[in-house]
Amino acid sequence: MAKVEYKGVKFSKRTVEEVKMDIDSMADEIRGYAGVKTAFLQDADSLILPVDDLVAILDYLKEKFPKIDRITTYARSRTLSHKSVDDLKRLRQAGLTRIHTGMESGSARVLQMIKKGMTPEEVVTGGRHVMEAGIELSEYIMPGIAGQALSEEHAIETARLLNHVRPHFIRVRTFAMHPQSPMQKMVQEGTFVSLTDDEIVAGIRLLVNHLDSMHSYFSCNDFSLNLLMQVDGFLDEKKEYMLKELDTFLSMTKRQKQVYTLLHYAGYSRYPLSVVYDQNVLDQVVPEIEKIERNGVEHGFDEYIRMLKTYQLPQPQTDNWS
């Protein structure tokens, strides 16, 4: 079994027979339950396998679960750029309906900084191959990942690439730095300055403004680290609404922004922006903010919010995260 190093853990290219054994185990586990209609091919980059192997796996999956009507998977843009449109069409005909891929940024400098291992050109080529093959494409982007120095470039270049690809879904995953992340060294050295939530929202506003009014679903609603989860919908239908929501937040006073931010991240809940005008809410939340500011060091509130965000992050799968 071929193996390669993948962020400190072993990534394995499994054989068709191994995957079929897994499918058999699942079929035995849920025997008698006829309602299985969706499946997800794990893990990070399933399409690295040869197309013939993937077709065999998809065929076997549908044989064992004949009512399946949606099969999705992850894939890297570099891998997709190396798959021909005809190969991807074969996968669509075999039952693959959607591909999720992490663009993170459209900026070459940001992609290099985070060691993403791909180029903007590969993002566009891979994405357009998927779209031409008729498979649904979900591109993931990461506001905040560029830090202060590259924030504007990150937003504009990400929008530019998305306008070229025009995916079915644009899924927003606001960046939060894990305490064990290698990027902490960049923070200590002063080469990376994290954005405040105010700055992240401004970056999302710049991004949305540069996106075409295309029939792509811009999704903030499915990830709780996104501060304004209501910025959500098809760009050709709700772009102006989304810009208005972003502008409403950006026009608030500093204290109002703090109230909304603390409510969101402390309670993992969704609130309308109008909540900051509710005096009963202010009477409860403002004293908590003042307490945080008294007890914290400089930028105490922003640091407290960053700490709350880390509670929602998954733990690394390795002790060798470098």
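Small disclaimer: the values here were computed from a predicted structure and weren't measured.

So, about the overall build of the protein chain. Secondary structure assignment for the protein chain yields 13 helices and nine strands. Against the 2.2 N^0.38 benchmark of 20 Å for 322 residues, the protein chain shows a C-alpha radius of gyration of 22 Å, consistent with a compact globule. Once the C-alpha set of the protein chain is aligned to its principal axes, its extents read approximately 60 × 45 × 45 Å. Long-range pairs, those at least 24 residues apart, make up 74% of the contacts in the protein chain with a sequence separation of at least 6. Put simply, the protein chain shows about 16500 Å² of open surface, and 49% of that area lies on carbon and sulfur atoms.

Scanning the entire structure with this criterion turns up 17 salt bridges. Lys-257 is the partner of Asp-198 in a salt bridge, and the nearest nitrogen-oxygen pair spans 3.0 Å. Remark: Lys-257 occurs in helix H11 (residues 254-267) and Asp-198 occurs in helix H9 (residues 197-210); sequence separation between them is 59 residues. Connected through salt bridges with shared partners, the residues Arg-171, Arg-173 and Asp-222 form a single ionic network.

Of the two faces of strand E3 (residues 38-41), only the one carrying Ala-39 and Leu-41 is buried; Thr-38 and Phe-40 on the other face are not. Note that E3 and strand E4 (residues 70-74) share four bridges and pair parallel. Of the residues in E4, the one forming a bridge with Ala-39 is Ile-71.

For the rest of this paragraph, the subject is H11. Look at H11: 20 Å from first C-alpha to last across 14 residues, which is about the 20 Å you get at 1.5 Å a residue. Those residues of H11 that fall on the buried side of the exposure criterion are Gln-256, Lys-257, Gln-258, Val-259, Tyr-260, Thr-261, Leu-262, Leu-263, His-264 and Tyr-265. Buried residues belonging to H11 abut H9, helix H10 (235-250), helix H12 (279-295) and helix H13 (300-310).

What follows is about the side chain of Thr-310. Inspection of the secondary structure puts Thr-310 in helix H13. For Thr-310, a relative accessible area of 17% gives the class buried. Separated by 2.6 Å, the side chain of Thr-310 and the backbone oxygen of Met-307 make a polar contact. Apart from residues no more than four positions distant in its own chain, Thr-310 is found in contact with Met-177 and Pro-179.

With that settled, the discussion passes to the layout of surface pockets. There is about 510 Å³ of room inside the second largest pocket. Forming the walls of the second largest pocket are 24 residues, and the residues nearest its centre are Met-177, Ser-194, Leu-195, Glu-303 and Arg-306. Of the residues belonging to the lining of the second largest pocket, the class tally is eleven nonpolar, eight polar and five charged.

With that settled, the discussion passes to the packing of helix H2 (residues 51-64) against helix H4 (residues 85-94). Viewed as axis vectors pointing N to C, H2 and H4 meet at an angle of 10 degrees, and their least axial separation amounts to 9 Å. Relative to H4, H2 is oriented roughly parallel. Residue-level inspection shows Val-51, Asp-52, Leu-54, Val-55, Leu-58, Asp-59 and Lys-62 of H2 in contact with H4, the latter providing Asp-87, Arg-90, Leu-91, Gln-93 and Ala-94. Tallied by class, the residues present in the contact of H2 with H4 amount to six nonpolar, one polar and five charged.

As a further point, take the pairing of strand E7 (residues 169-172). Across the two faces of E7 the burial is the same, with Phe-169 and Arg-171 and Ile-170 and Val-172 all buried. Pairing analysis gives four bridges linking strand E6 (residues 136-141) to E7, with the strands arranged parallel. Bridge pairing in E7 places Tyr-140 opposite Arg-171. In this fold, E6 hands off to helix H7 (residues 151-165), which returns the chain to E7; that crossover is right-handed.

A word on the sheet that holds E6. Here seven strands make up an open sheet; going across it, the order is E3-E4-E5-E6-E7-E8-E9 and the pairing mixed. Where the open sheet ends on each side, the last strands, each with one partner, are E3 and strand E9 (233-234). Bridge count between E7 and strand E8 (residues 217-219): three bridges; the pairing is parallel. Looking at the pairing, Phe-169 lines up with Tyr-217 of E8.

Turning our eyes to something else, we now look at the environment of Gly-267. Along the chain, Gly-267 turns up in helix H11. Given the relative accessible area of 36%, Gly-267 is considered partly exposed. Expressed as a C-alpha distance, the spacing of Gly-267 and Leu-49, which sit 218 residues apart in the sequence, is 42 Å.

Once that is clear, we can look at the packing of aromatic side chains. Throughout the structure, instances matching the rule amount to four aromatic pairs. Note on Phe-40 and Tyr-74: the rings are 4.9 Å apart at their centroids and 70 degrees apart in plane angle, and the pair reads as edge-to-face. Here Phe-40 is found in strand E3, whereas its partner Tyr-74 is found in strand E4, with 34 residues between them in sequence. Looking at Phe-40, the relative accessible area reads 33%, which means it is partly exposed. Measuring from centroid to centroid gives 4.9 Å for Tyr-217 and Phe-234, while their planes differ by 85 degrees, and the two rings are edge-to-face. With Tyr-217 in strand E8 and Phe-234 in strand E9, this pair connects stretches of sequence that are 17 residues apart. By relative accessible area, Phe-234 is classed as partly exposed at 24%. Between the NZ or CZ atom of Arg-171 and the centre of the ring of Phe-169, over which it lies, the distance is 4.7 Å.

Reading guide: rules and limits
- Residues numbered from 1 in each chain as written.
- Predicted model: local features only at pLDDT ≥ 70, side-chain atom pairs only at ≥ 80, totals over all residues.
- Heavy atoms only, no water.
- Helix = DSSP H or I, 4+ residues; strand = E, 2+ residues; numbered from the N terminus.
- Rg over C-alpha atoms; globule rule 2.2 N^0.38 Å.
- Contact = heavy atoms within 4.5 Å.
- Areas by Shrake-Rupley, 256 points an atom, 1.4 Å probe, with all protein chains shown as cover.
- Salt bridge = Lys/Arg side-chain N within 4 Å of Asp/Glu carboxyl O.
- Buried < 20%, exposed > 50% of the residue type's maximum accessible area, 1.4 Å probe, protein only.
- Pairing = 2+ DSSP bridges.
- Expected span 1.5 Å × (residues − 1).
- Polar contact = N/O pair within 3.5 Å; in protein donor to acceptor, adjacent residues only side chain to side chain.
- 1 Å grid on protein atoms, 1.4 Å probe; cavity = no way out; pocket = protein on both sides within 12 Å on 5 of 7 lines; lining within 4 Å.
- Points joined across faces, edges and corners; volume = space filled by probe spheres on them.
- Nonpolar A, V, L, I, M, F, W, Y, C, P; charged D, E, K, R; others polar.
- Axes fitted to C-alpha atoms, helices over the stretch in contact; angles between N-to-C directions.
- Parallel < 35°, antiparallel > 145°, perpendicular 65-115°, else oblique.
- Right-handed = clockwise from strand over helix to strand, strands pointing away.
- Phe/Tyr/Trp six-rings, centres within 6.5 Å; stacked < 30°, edge-to-face > 60°.
- Lys NZ or Arg CZ within 6 Å of the ring centre and 35° of its normal.

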